[in-house]
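# Coordinates in review
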Amino acid sequence: MSKRIAAENVKLKRAYERPSSADGIRVLVDRLWPRGIKKANANIDHWIKELAPSTELRKWFGHDPTRWQEFRRRYAAELRQHEDQVDRLRDLARAGLITLVYAAHDEAHNDAVVLRDILVDSR
């Protein structure tokens, strides 16, 4: 099996968007359950809380785009402490389409973006 993960195998979607059969396996990557979303309606296949940024890092970042590059660096370092969970996600992505589900309003500056980049860039 190829070790490379195709970019089209890893999608991103806000938790507040309607689930779709085109999402493949839906993986919630936030530490906290999204507000106002019923578990029965979220259609989440896996919730991997360990892959979310630490509370300290999340609060420090505060979705401030001026801190984005440093957030990416710090979050990648945290993910190296959870390689078993990252590998679990890699296995899912190698097997087929996955959608990383997140609650952040900012679609360009959030943990799912970093996680997707790490998965797709992994060898």
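Residues numbered from 1 in each chain as written. Predicted model: local features only at pLDDT ≥ 70, side-chain atom pairs only at ≥ 80, totals over all residues. Heavy atoms only, no water.

In this structure, Val10, Leu89, Ile98, Leu100, Leu115 and Leu119 are the most contacted members of the largest nonpolar core, which totals 26 residues. It is helix α5 (residues 111-121) that contributes the most residues to this core, six residues altogether. (Core = buried A, V, L, I, M, F, W, Y, C linked by side-chain atoms within 4.5 Å. Buried < 20%, exposed > 50% of the residue type's maximum accessible area, 1.4 Å probe, protein only. Helix = DSSP H or I, 4+ residues; strand = E, 2+ residues; numbered from the N terminus.)

What follows concerns the environment of Val101. With respect to the helices, strands and loops of the structure, Val101 is situated in strand β4 (residues 98-102). For Val101 and Lys11, which are 90 residues apart along the polypeptide, the C-alpha to C-alpha distance reads 8.6 Å. Apart from the residues within four sequence positions on either side, Val101 is in contact with Lys13, Arg14, Ala15, Arg26, Val27, Leu28, Val29, Asp30 and Ile44. (Contact = heavy atoms within 4.5 Å.)

Across residues other than glycine, the phi torsion is negative in most instances, and most of the peptide bonds are trans. With a phi angle near 55°, Asn43 is a residue other than glycine that sits in the positive phi range. Along the chain, the position of Asn43 falls in the loop between α1 (39-42) and β3 (46-47). Look at Asn43 and you get partly exposed, because its relative accessible area is 44%. Residue His63 is not a glycine yet carries a positive backbone phi of 55°. Its relative accessible area of 36% is what places His63 among the partly exposed residues.

In this section: the sheet that holds strand β1 (residues 10-14). Taking strand neighbours across the sheet as the criterion, the four strands line up as β1-β4-β2-β3 in an open arrangement whose pairing is parallel. Both edges of this open sheet fall to β1 and β3, since each of them pairs with a single strand only. In this sheet, β3 lies alongside strand β2 (residues 25-28) in parallel orientation, the contact comprising two bridges. Within β3, the position partnered with Leu28 by the bridge is Trp47. Lying on the sheet, helix α4 (residues 83-95) is in contact with β1, β2, β3 and β4; it crosses β4 at an angle near 135°. (Pairing = 2+ DSSP bridges. Axes fitted to C-alpha atoms, helices over the stretch in contact; angles between N-to-C directions.)

Let's shift gears to the side chain of Lys13. Turning to its location among the elements, Lys13 is positioned in strand β1. The exposure class assigned to Lys13 is buried, which follows from its relative accessible area of 10%. Polar contacts involving the side chain of Lys13 include one to the main-chain carbonyl oxygen of Arg18, which spans 2.8 Å. Those residues in contact with Lys13 that sit more than four places away from it in its chain are Arg18, Pro19, Ser20, Asp23, Arg26, Thr99, Leu100, Val101 and Tyr102. (Polar contact = N/O pair within 3.5 Å; in protein donor to acceptor, adjacent residues only side chain to side chain.)

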